[in-house]
Number of protein chains: 2
Amino acid sequence: MVVSAAAAKEEAGLGALDRLLAATAAEMEKVNALILKRADSHVEMVPQLARYLIEAGGKRLRPMLTVAAALLFDAPTGAQTNYAAAVEFMHNATLLHDDVVDESDMRRGRPAARMIWGNQASVLVGDFLLGQAFLMMVETGKLDALGVLASAATVIAEGEVFQLSKAGDLAATPADYDQVIRAKTATLFQAAAEVGAMAGGADETGRAALREYGLQLGLAFQLVDDVLDYRGEAGAMGKNTGDDLREGKMTLPVILTLADANPAEREIIAAALGKPEASETALDQVVAIMNRHNALGRTVDKAHEHVRLARAALEPVKASGMRTILSDIAEFYVSRAY
Amino acid sequence: MVVSAAAAKEEAGLGALDRLLAATAAEMEKVNALILKRADSHVEMVPQLARYLIEAGGKRLRPMLTVAAALLFDAPTGAQTNYAAAVEFMHNATLLHDDVVDESDMRRGRPAARMIWGNQASVLVGDFLLGQAFLMMVETGKLDALGVLASAATVIAEGEVFQLSKAGDLAATPADYDQVIRAKTATLFQAAAEVGAMAGGADETGRAALREYGLQLGLAFQLVDDVLDYRGEAGAMGKNTGDDLREGKMTLPVILTLADANPAEREIIAAALGKPEASETALDQVVAIMNRHNALGRTVDKAHEHVRLARAALEPVKASGMRTILSDIAEFYVSRAY
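Residues numbered from 1 in each chain as written. Chains lettered and ligands numbered in written order. Predicted model: local features only at pLDDT ≥ 70, side-chain atom pairs only at ≥ 80, totals over all residues. Heavy atoms only, no water.

## A closer look at the overall build of chain A
Then, number 1: Looking only at helices and strands, chain A has 15 helices and two strands in total.
Then, number 2: The dimensions of chain A, computed from C-alpha atoms along their principal axes, are 60 × 50 × 30 Å.
Then, number 3: Residue pairs at least 24 apart in sequence account for 76% of intrachain contacts in chain A once pairs closer than 6 positions are excluded.
Then, number 4: Taken together, the 33 basic and 45 acidic charged side chains of chain A have centroids lying 3 Å from each other. (Helix = DSSP H or I, 4+ residues; strand = E, 2+ residues; numbered from the N terminus. Contact = heavy atoms within 4.5 Å. Lys, Arg positive; Asp, Glu negative; His and termini not counted. Charge placed at Lys NZ, Arg CZ, Asp CG, Glu CD.)

Structural data, given as structure tokens:
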């Protein structure tokens, strides 16, 4: 019955996504129009590169979260359109810089922008998008929301540097990993939800609730992402399977496995970790060891914990159809792991 | 007598620098303390890399400009400390990203940060500094000044991309060059002076005057920089002579030379342009051709025009010791070219 329970959860999760898409469609149309408009520039290469990435069609989960959070409250100010576009620009700036940092050749199922326009333009267009994000925030005239995003920008960069400093470190701990994903991933989900609540006119309680909800959702999201990297769903992810291992990223699956592995197993993992040239066979061996120690399963369990915390965080918010959708959507994030 | 007139100008310029340093010393002490404090992070590599660059001791011309502009007016708000530190962080973020983009190995007379910590950390610490810059602006509670800097950030990035798209383009025009240096260099000088005026409580006239002054000063600065790149003053610049040629940067000296060159000369230039491996001999040949067409001299003349415009821009501002210093300091920028 385990399988059908999981299947039922997945169905509930997918249903929630459809409901979220429907509930935010009108607002997201405005956001998408603003995103395209603000990716424009008289310097041709800027919109070419920016639109290539933007139109590759990520799911826009983060701006959708901003919009949904705004609609959760009674007094929407309209600022959510700018906030949501700013959040998506910050995310895309991070992706452009990450692909340079990770030397990735794929993103969203297509060659990464840097493979077409080069590392140089990817760094600079990332900077452009970051500037535009802040400019859109300035235009709303709301300094406090701008502070949330500016603070997020520094925390995200710190998290990425911390991740870099731990790359290939066999002594990395689950606490290190937690610190990395809080900073590099969950911070933007947290900020997206918080500024959404602010645009919705939430009081302090509502703002804190959405802040916590976004944080927990982001943690669950990254945990699942890090499982999928080893589950061979390159197509679905739009990236290459095993990238994390080859880049030496100390994600929870590898940290948990190393903690329980015998010397022979450790040696096999160490030989492939951080080696861009590691073979498919080596990768398969590592995944077999992970499964022997149930490291992927335990990582999914951890994601479930954060989903529970995300749902619990919404309790202080007045019950509504949107609150139910946000509560259910957390399940969707984890359903991706099956 | 030309030489001694130049020498006299240089002396006046250097005198102005000393006077500017003295007049801003107390304020700059606060700025420097803030810069060090805000370069800190619990992620060790962040302050290591940031301080390596920051303490290499650029002249801090941009933040000094912010402070000086604030002191030019009657009602300093105190915001200039944060504004000046934010301007310097934006500048340092740009340097970190530029060194990655240009694959530079030297900066401020030392190995570039990317040669020690890698491209990856340079990109990410640049992002961190940019985030901190905006955070410091947010903390002053002044949205309009923040808008000036956010707008500058996008224009600078656009300018860098435009420069990239023109690299090695033998058909690049003086107008292209003007567009590049306005965006990538003069915009930050302009913003530095403008937010300084705002911190000083300037009215619209004062703000516009400083905006124009900063713009013209920045244009003069970049023109001289682009001359020095061919004048073999690697030590003084802290970079390698001929870098611009080897990187294929279409600066005014090369654009003016190409316009007047005969086919044989064009061929020599084209053979070295954008070739990282171009020899010292090839570089010397190019410089000889440039001198034959007086391209470096004409570029310095152009810088002088902007110095004149910078000085004229200050006329609407009430006369004061600081106004005289700012007027004279413009001369210092060009005196570097002799």
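## Points about the packing of aromatic side chains
The relative placement of two aromatic rings is captured by the distance of their centres and the angle of their planes.
Residue and element names in this part refer to chain A.
Then, number 1: As enumerated under the stated definition, the model contains five aromatic pairs over all chains in all.
Then, number 2: Taken together, a centroid distance of 5.2 Å and an interplanar angle of 70° make the contact between tyrosine 52 and tryptophan 117 edge-to-face. One end of the pair, tyrosine 52, is in helix H2 (residues 45-54); the other, tryptophan 117, is in helix H5 (residues 113-140), with 65 residues separating them in the sequence.
Then, number 3: Classification of tryptophan 117 as partly exposed rests on a relative accessible area of 23%.
Then, number 4: Over the aromatic face of tyrosine 52 sits the side chain of arginine 110, whose NZ or CZ is 4.1 Å from the ring centroid. (Phe/Tyr/Trp six-rings, centres within 6.5 Å; stacked < 30°, edge-to-face > 60°. Buried < 20%, exposed > 50% of the residue type's maximum accessible area, 1.4 Å probe, protein only. Lys NZ or Arg CZ within 6 Å of the ring centre and 35° of its normal.)

## Observations concerning the side chain of glutamate 265 of chain A
Residues and elements named next belong to chain A.
Then, number 1: Tracing the sequence through the fold places glutamate 265 in helix H12 (residues 263-272).
Then, number 2: On the accessibility criterion, glutamate 265 (5% relative accessible area) is buried.
Then, number 3: Every residue in contact with glutamate 265, bar those within four places of it in the chain, is listed here: Ile289, Arg292 and His293.

## Digging into the pattern of salt bridges
Oppositely charged side chains can form a pair if their charged atoms are brought close together.
Residues and elements named next belong to chain A.
Then, number 1: All told, the structure shown has 38 salt bridges over all chains when counted by the stated rule.
Then, number 2: The shortest N-O distance in the salt bridge between glutamate 27 and lysine 30 comes to 3.7 Å. With a gap of three residues between them, glutamate 27 and lysine 30 both fall in helix H1 (residues 2-38), about one helical turn apart.
Then, number 3: In this structure, aspartate 169 engages lysine 166 in a salt bridge whose closest nitrogen and oxygen atoms are separated by 3.9 Å. (Salt bridge = Lys/Arg side-chain N within 4 Å of Asp/Glu carboxyl O.)

## Focus on H5 of chain A
Residues and elements named next belong to chain A.
Then, number 1: Here H5 contains 28 residues, and its C-alpha end-to-end distance of 30 Å is more than 12% below the 40 Å for a straight helix at 1.5 Å per residue.
Then, number 2: In the structure, H5 departs most strongly from a straight axis at asparagine 119, where the bend amounts to approximately 90°.
Then, number 3: The buried fraction of H5 is high, at 21 of 28 residues.
Then, number 4: Phi turns positive one or two residues past the end of H5, at glycine 141, with a value near 75°. (Expected span 1.5 Å × (residues − 1). Bend = angle between axes of the 7 residues up to and from the residue.)

## Description of unusual backbone geometry
If a residue is not glycine, its phi is most likely negative; likewise, a peptide bond is most likely trans.
Then, number 1: The backbone phi angle of arginine 60 of chain A is positive, close to 55°, even though this residue is not glycine.
Then, number 2: With respect to the helices and strands, arginine 60 of chain A occurs in the loop between H2 and helix H3 (61-71).
Then, number 3: Exposure remark for arginine 60 of chain A: the relative accessible area of 16% places this residue in the buried category.
Then, number 4: Even without glycine at this site, asparagine 294 of chain B takes up a positive phi of about 50°.
Then, number 5: With respect to the helices and strands, asparagine 294 of chain B occurs in the loop between helix H13 (280-292) and helix H14 (295-313).
Then, number 6: Overall, asparagine 294 of chain B belongs to the partly exposed group, its relative accessible area being 42%.

## A look at the interface of chain B and chain A
Then, number 1: At the interface, 37 residues of chain B touch 37 residues of chain A.
Then, number 2: Where chain B packs against chain A, one counts zero salt bridges.
Then, number 3: One can count six residue pairs in polar contact (both at pLDDT 80 or more) joining chain B with chain A.
Then, number 4: Per element, the largest residue contribution to the side of chain B that touches chain A is 14 residues, and it comes from helix H6 (residues 143-166) of chain B.
Then, number 5: Of the residues contributing to the side of chain B that touches chain A, the split by class is 21 nonpolar, twelve polar and four charged. (Polar contact = N/O pair within 3.5 Å; in protein donor to acceptor, adjacent residues only side chain to side chain. Nonpolar A, V, L, I, M, F, W, Y, C, P; charged D, E, K, R; others polar.)

## Remarks on the environment of threonine 77 of chain B
Then, number 1: Turning to its location among the elements, threonine 77 of chain B is positioned in the loop between helix H3 (61-71) and helix H4 (80-102).
Then, number 2: With 63 residues separating them in the primary sequence, threonine 77 of chain B and threonine 140 of chain B have C-alpha atoms 9.8 Å apart.

## As for the confidence of the model for chain A
Then, number 1: Per-residue pLDDT for chain A averages 91, and the proportion of residues at 70 or more is 93%.
Then, number 2: Among the scores for the predicted complex, ipTM is 0.92 and pTM is 0.93. (pLDDT = per-residue confidence, 0-100.)

## Some points on the packing of helix H11 (residues 252-260) of chain A against helix H14 (residues 295-313) of chain A
Residue and element names in this part refer to chain A.
Then, number 1: It is the contact of H11 with H14, at a shortest axis distance of 9 Å, that shows an interaxial angle of 125°. What the angle tells us is that H11 and H14 run oblique. The way H11 lies across H14 gives a crossing that is right-handed. Contacts between H11 and H14 involve Leu252, Pro253, Leu256, Thr257 and Asp260 from the first element and Ala295, Leu296, Arg298, Thr299 and Lys302 from the second.
Then, number 2: Looking at side-chain class alone, the contact of H11 with H14 contains five nonpolar, two polar and three charged residues. (Axes fitted to C-alpha atoms, helices over the stretch in contact; angles between N-to-C directions. Parallel < 35°, antiparallel > 145°, perpendicular 65-115°, else oblique. Left-handed = near helix turned anticlockwise from the far one by under 90°.)

## Quick look at the environment of tyrosine 333 of chain A
Residues and elements named next belong to chain A.
Then, number 1: Along the polypeptide, tyrosine 333 turns up in helix H15 (residues 321-335).
Then, number 2: On the basis of relative accessibility, which here comes to 3%, the residue tyrosine 333 falls in the buried class.
Then, number 3: For the pair formed by tyrosine 333 and aspartate 284, sequence separation is 49 residues and the distance between their alpha carbons is 25 Å.
Then, number 4: Residues within four places of tyrosine 333 in sequence aside, it is in contact with Leu61, Phe189, Leu217, Phe221 and Val224.

## Focus on the environment of glycine 141 of chain A
Then, number 1: Mapped onto the elements of the fold, glycine 141 of chain A is located in the loop between H5 and helix H6 (143-166).
Then, number 2: Residues glycine 141 of chain A and glutamate 315 of chain A lie 174 residues apart in sequence; the distance between their C-alpha atoms is 30 Å.

## Observations regarding the nonpolar core
Then, number 1: In this structure, Leu210, Tyr213 and Val254 of chain A together with Leu210, Tyr213 and Val254 of chain B are the most contacted members of the largest nonpolar core, which totals 250 residues.
Then, number 2: Filtering out sequence-adjacent residues up to four positions away, valine 254 of chain B remains in contact with Tyr230, Leu245, Lys249, Ile269, Leu273 and Met290 of chain B. (Core = buried A, V, L, I, M, F, W, Y, C linked by side-chain atoms within 4.5 Å.)

## Considering the relation of the copies chain B and chain A
Between the two copies of the chain lies a relationship made up of a rotation around an axis and a movement along it.
Then, number 1: Overlaying chain B with chain A gives an RMSD of 0.0 Å, the required rotation being 180° about an axis along which the chain moves by 0.0 Å. The operation mapping one copy onto its partner corresponds to a two-fold rotation axis. Among all C-alpha atoms of chain B, that of leucine 143 of chain B lies closest to the rotation axis, at 3.3 Å.
Then, number 2: Most of the interface of chain B is mirrored in chain A, where 100% of its interface residues are also at the interface. (Least-squares fit on C-alpha atoms with pLDDT ≥ 70 in both.)

## Things to note about helix H13 (residues 280-292) of chain A
Residues and elements named next belong to chain A.
Then, number 1: With 13 residues, H13 ought to run about 18 Å at 1.5 Å a step, and its terminal C-alpha atoms sit 18 Å apart, in line with that.
Then, number 2: Within the sequence span of H13, burial applies to Ala282, Leu283, Val286, Val287, Ile289 and Met290. Viewed end-on, H13 has its buried residues packed into an arc of 160°, placing them on one side of the element. Those residues of H13 that are exposed and aimed more than 90 degrees away from the buried face are Thr281, Asp284 and Arg292.
Then, number 3: Elements in contact with the buried residues of H13: helix H10 (243-246), H11, H12 and H14.
Then, number 4: One or two residues past the end of H13 sits asparagine 294, with phi positive at roughly 50°. (Arc of directions from axis to C-beta.)

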